[in-house]
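Residue-level structure breakdown
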Amino acid sequence: ENQQSTAQRKRKADEIEGEGQDDGEDDGDASSREGFQEWDVDSFEDGHQYIPNKKIDPNDEEAQKMRRYRLQMYESNGFNVDKENFPGRVAYRELYPIDLDQPFKSGLTGRAYMQNNVDLTVDKFNKINGLSLTCVSIVRAVVCTVSCSLKSYITFMATETPDGHLVEYQAKTEQMPWQNRAHGLFCRPTPKPKVIHVPRYEDCVSSDSSADSIASSRGSDQAWDVDSFDDESEYQPPERMCPIEEEIKLMRLYRPKMYRSKGFYVDGETYPGETVFFSQVDLDERFPGIELTGREHMQSLVDLALEKYNNIKETNVTCESIVRANLTRVNGYKLYITFMARESPEGELVEYQAKTERKVWQRKYHAMFCRPTPKSKD
């Protein structure tokens, strides 16, 4: 019965989403909801559970900060994150709280923007459930701007009847860059926080303190000599045209090149900025978070990949120079490095590629593959 009720609510949500397409609405966006913006679906309930089982040195404040951030994020399903624990751009689901009284978007303060989003979700919630929920005040808002979208996690106080008591509610909305308005993902009374067990440091320390023990942190999706781009279909631009904003136009030029090169080449002239996954590493500037330049850091990662490559292939390839590097910050740091190498001491220079990754919970990078640059498909 519960499954049937949920299905009925979603069908009704689809009907409500389509209302107004011909009623003269000036945004013209009532039918633009994407398939992944399904009503009454919480992406935090996708079966993934945060298990903080990684040993963390109690004196490592950066690691402790990351743990506090991720714990709070998963306990609250994204609706409560302290700004003081926000670890920066390397975090998966980069959630950060906004100042409701400061300018935020489209000439609106954070409070006014979030109020508009709450109004649209409450209106949809009431139509689906036949209720008269009313928002009284915005408590806080957390936003996520990964994947080109603006996703808002809004906590607000509401009354369920005209004379009812105040009840804490949550609303979640999302707006993609090509959408003229946000779309409601769900509206609900605030659930009880999850309880996540945090292991003690002494319970997590391995008896083997050698560097080799760290290698066991390699994830199942970090298998050697596997290129994730080989598992994806060739990029196809969306049939529906995006808005004319310059950044979106550049993205349509940039993404096909990125897919053809499997991440190893990004055209600087068409790179549209921080709203996309891939960015270029400035080799001569300091790499974020460490005391090395981009070139020095890329060299250390190439050395890591070459060591594994040479051991497996029984070769003696050496790196002569770093050509370029691209970075994606999804769930950590993934680096696509192009370099010139010699396959023998007196050999000709050959262009090679190395791919490495360090997820946010890992202490070191893992080599994904190393190979001569494949010929272009063009």
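Residues numbered from 1 in each chain as written. Predicted model: local features only at pLDDT ≥ 70, side-chain atom pairs only at ≥ 80, totals over all residues. Heavy atoms only, no water.

1. What about the overall build of the protein?
Put simply, the rule is: Put simply, DSSP marks the helices as runs of H or I at least four residues long and the strands as runs of E at least two long, and each gets a number from the N terminus on. For every residue, the accessible area (1.4 Å probe, protein chains only) is compared with the maximum for its type, and the residue is labelled buried under 20%, exposed over 50%, or partly exposed between those bounds. Note on definitions: a residue-residue contact is assigned when non-hydrogen atoms from the two residues lie within 4.5 Å. The method behind every accessible area is Shrake-Rupley, applied with a 1.4 Å probe, and residues are considered shielded solely by the protein chains displayed.
Each helix and strand in the protein was counted, giving seven helices and twelve strands. Counting only residues that meet the buried cut, the protein has 44% of its 378 residues in that class. Across the protein, the fraction of contacts at a sequence separation of at least 24, relative to all contacts at a separation of at least 6, is 54%. Carbon and sulfur atoms form 48% of the exposed surface of the protein, whose accessible area is close to 20900 Å².

2. Brief notes about the pattern of salt bridges
The following threshold applies: Definition used for salt bridges: Asp or Glu carboxyl oxygen within 4 Å of a side-chain nitrogen of Lys or Arg.
As enumerated under the stated definition, the model contains ten salt bridges in all. Linking Asp42 and Lys172 is a salt bridge whose minimum nitrogen-to-oxygen distance equals 3.6 Å. One end of the pair, Asp42, is in the loop between helix H1 (2-18) and helix H2 (61-75); the other, Lys172, is in strand E6 (residues 166-175), and 130 residues separate them in sequence. By relative accessible area, Asp42 is classed as buried at 8%.

3. Focus: the packing of aromatic side chains
The description of an aromatic ring pair rests on the distance of the ring centres and on the angle between the ring planes. Quick note on the threshold: Aromatic rings from Phe, Tyr and Trp, taking only the six-membered ring of Trp, are treated as a pair when their centres fall within 6.5 Å; an angle between ring planes under 30 degrees marks them as stacked, one over 60 as edge-to-face, and anything in between as tilted.
Overall, the coordinates contain twelve aromatic pairs when judged by the stated rule. Ring geometry for Phe104 versus Tyr113: centroids 5.3 Å apart, planes at 55°, classification tilted. The interplanar angle of 80° and the centroid separation of 6.0 Å between the aromatic rings of Phe125 and Tyr169 together place this pair among those described as edge-to-face. Separated by 44 residues along the polypeptide, Phe125 in helix H3 (residues 110-129) and Tyr169 in strand E6 bring together distant segments of the chain. Assessed through its relative accessible area of 10%, Phe125 is described here as buried. For Tyr169, a relative accessible area of 3% translates into the label buried.

4. Describing the nonpolar core
The condition is simple: The definition of a nonpolar core used throughout is a set of buried Ala, Val, Leu, Ile, Met, Phe, Trp, Tyr and Cys residues joined through side-chain atoms within 4.5 Å.
Met298, Leu335 and Phe339 are the most contacted members of the largest nonpolar core, which has 25 residues in total. At six residues, the largest contribution of residues to this core is made by helix H7 (residues 294-313). Those residues within four positions of Phe339 in sequence are excluded, and the remaining contacts are Val302, Leu306, Cys319, Ser321, Ile322, Val323, Val350, Glu351, Tyr352, Gln353, Ala354 and Cys370. Residues Met114, Phe125, Cys135 and Val143 belong to the second largest nonpolar core, which totals 21 residues.

5. What about unusual backbone geometry?
Even without being glycine, Ser106 reaches a positive phi, approximately 55°. The topology assignment puts Ser106 in the loop between strand E2 (103-105) and strand E3 (108-109). A positive phi angle, near 55°, is found at Glu314, a position not held by glycine. With respect to the helices and strands, the residue Glu314 is situated in the loop between H7 and strand E9 (318-328).

6. What about the sheet that holds strand E5 (residues 150-159)?
Filter applied, for reference: Strand pairing is assigned whenever DSSP identifies at least 2 bridges connecting the two strands. Interaxial angle, 0 to 180 degrees, is taken between N-to-C directions of lines fitted to C-alpha atoms, where a helix line uses only the stretch in contact.
A sheet is described by the order of its strands in space; here five strands give the open sequence E1-E4-E5-E6-E7, paired in antiparallel fashion. Each edge of the open sheet is held by one strand with a lone partner, namely strand E1 (95-97) and strand E7 (183-189). Between one strand axis and the next, the sheet turns by 30° as a mean value, whatever way the strands run. As paired elements, strand E4 (residues 134-144) and E5 share nine bridges and run antiparallel to each other. Bridge pairing in E5 places Cys135 opposite Ala158.

7. Details of the environment of Pro191
Mapped onto the secondary structure, Pro191 falls in the loop between E7 and helix H4 (201-204). Pro191 gets classed as partly exposed once you look at its relative accessible area, which sits at 41%.

8. A few points about the environment of Ile154
Here Ile154 lies in strand E5. Given the relative accessible area of 0%, Ile154 is considered buried. For the pair Ile154 and Phe79, spaced 75 residues apart in the sequence, the C-alpha separation amounts to 6.7 Å. If we ignore the near neighbours within four places in the chain, the residues touching Ile154 are Phe79, Met114, Asn117, Val118, Ile138, Arg140, Ala141, Tyr169, Gln170 and Ala171.

9. Structural notes on the confidence of the model for the protein
Rule in force here: pLDDT measures how confident the predictor is about each residue, on a scale from 0 to 100.
Residue-level pLDDT values for the protein average 77, and 65% of them are 70 or greater. Below pLDDT 50 for its whole length, residues 201-215 participates in 14 contacts with residues either more than four positions away or in separate chains. Here residues 234-244 is modelled with pLDDT under 50, and outside its nearest four sequence neighbours on either side it reaches 16 contacts, counting other chains as well.

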